[in-house]
Amino acid sequence: MKTSRLVLVGLLALPFGCAGSAGTPSLAPELEALLRGFVPLTANDLAVTVANTTVVGLRGVAVTHWDATVPAKVPPFSDTEIRSHGIFNVDLDTTDLQTFMSLYPLGKDDETNPTIQVLAANLPLAMNPGNYHFVHLRVETALAINVADPTLLYEYGFVFDEDGSVSTGYNATEPTKFFNGSDRWYELTYSNAQGWNFMVYTASTTGTGESEVSTITEVSSGAKIIMSGDTLVLMVPANEFTSPMPEYRTTSFVHDGDFGIPSPHSWSGNAEPRVVEGMQRYP
Ligand SMILES: [Ca+2]
């Protein structure tokens, strides 16, 4: 695995505060600035947003790979170490959406603001006024938006149980598959050949073991992903889910083409909540 982007987590094991633990609620400054740029957040919205942010505090803790032959490991790449995540929803009117699109024009290589990238789904739908879920995750160090790494493959996921039943959807036989229990995936990927791309899928599994069949279908979506510093924000129309408060999981993964399965197991990743913990509920 490349070492140029390798930051040992042990060197970054600094204490950090728990959002909203005392006094005035506050979001991570980068996230708050990003959202305040276009979301009409009220004080109450902000309080709800903070309340719905889970500070993980799992740095230094080993993550279980889905393949049982791969040893668990602490994520060696700090841009895959998820430090917090959260969800909230806000009604956006036409003016809000116009503000958003003027502040954050779509672009994979926005030279006017190289620290922010906004991606539409690969099969995009129009953004219409209405209720939107905002799901965010923060990692330990800034995401390499303009990365030109020749070999590493990145994947960040926001996956949901869109219908409120974990028994419907994707449930691979391997018990620690990062996306188990979900049925709708919002997935951001990077490769040198393709750059960053944002795809949306539905997924389901039937059978187990040798008779297991998973069906993964790319679908259209009005969602956007905003990449800024150490933060990813998924902005998704609430009407893309059956459940009004869909449970979710955030994930990260990097490897050099073999998913880290063969020795020397070159991978780094995280799933929050952990798969064994189920999906994250609205508090
Ligand atoms: Ca389901």
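Heads up: these notes are all about the structure in this document. (Residues numbered from 1 in each chain as written. Predicted model: local features only at pLDDT ≥ 70, side-chain atom pairs only at ≥ 80, totals over all residues.)

## Observations regarding the overall build of the protein
A tally of helices and strands in the protein yields three helices and 12 strands. Here the protein, with 283 residues, has 38% of them falling under the buried criterion. Within the protein, contacts between residues separated by at least 24 positions form 72% of all contacts whose residues are at least 6 apart in sequence. (Helix = DSSP H or I, 4+ residues; strand = E, 2+ residues; numbered from the N terminus. Buried ≥ 20, exposed ≤ 12 C-beta atoms within 10 Å, placed from the backbone. Contact = placed C-beta atoms within 7 Å.)

## Side note on the sheet that holds strand β4 (residues 130-139)
The pairing of strands in a sheet happens through backbone hydrogen bonds and is either parallel or antiparallel. Taken in spatial order, the six strands line up as β1-β2-β4-β10-β9-β3 in an open sheet, and their pairing is antiparallel. Both outer strands of the open sheet, β1 (53-55) and β3 (116-120), are each paired with one neighbouring strand and no more. The average undirected angle you get between the axes of adjacent strands in this sheet is 15°. Relative to strand β10 (residues 231-237), strand β9 (residues 224-228) runs antiparallel, the two sharing five bridges. Counterpart to I225 in the pairing with β10 is L234. Against the sheet, helix α2 (residues 43-51) engages β1 and β2 (82-92), with an angle of about 145° to β2. (Pairing = 2+ DSSP bridges. Axes fitted to C-alpha atoms, helices over the stretch in contact; angles between N-to-C directions.)

By themselves these figures say nothing about function.
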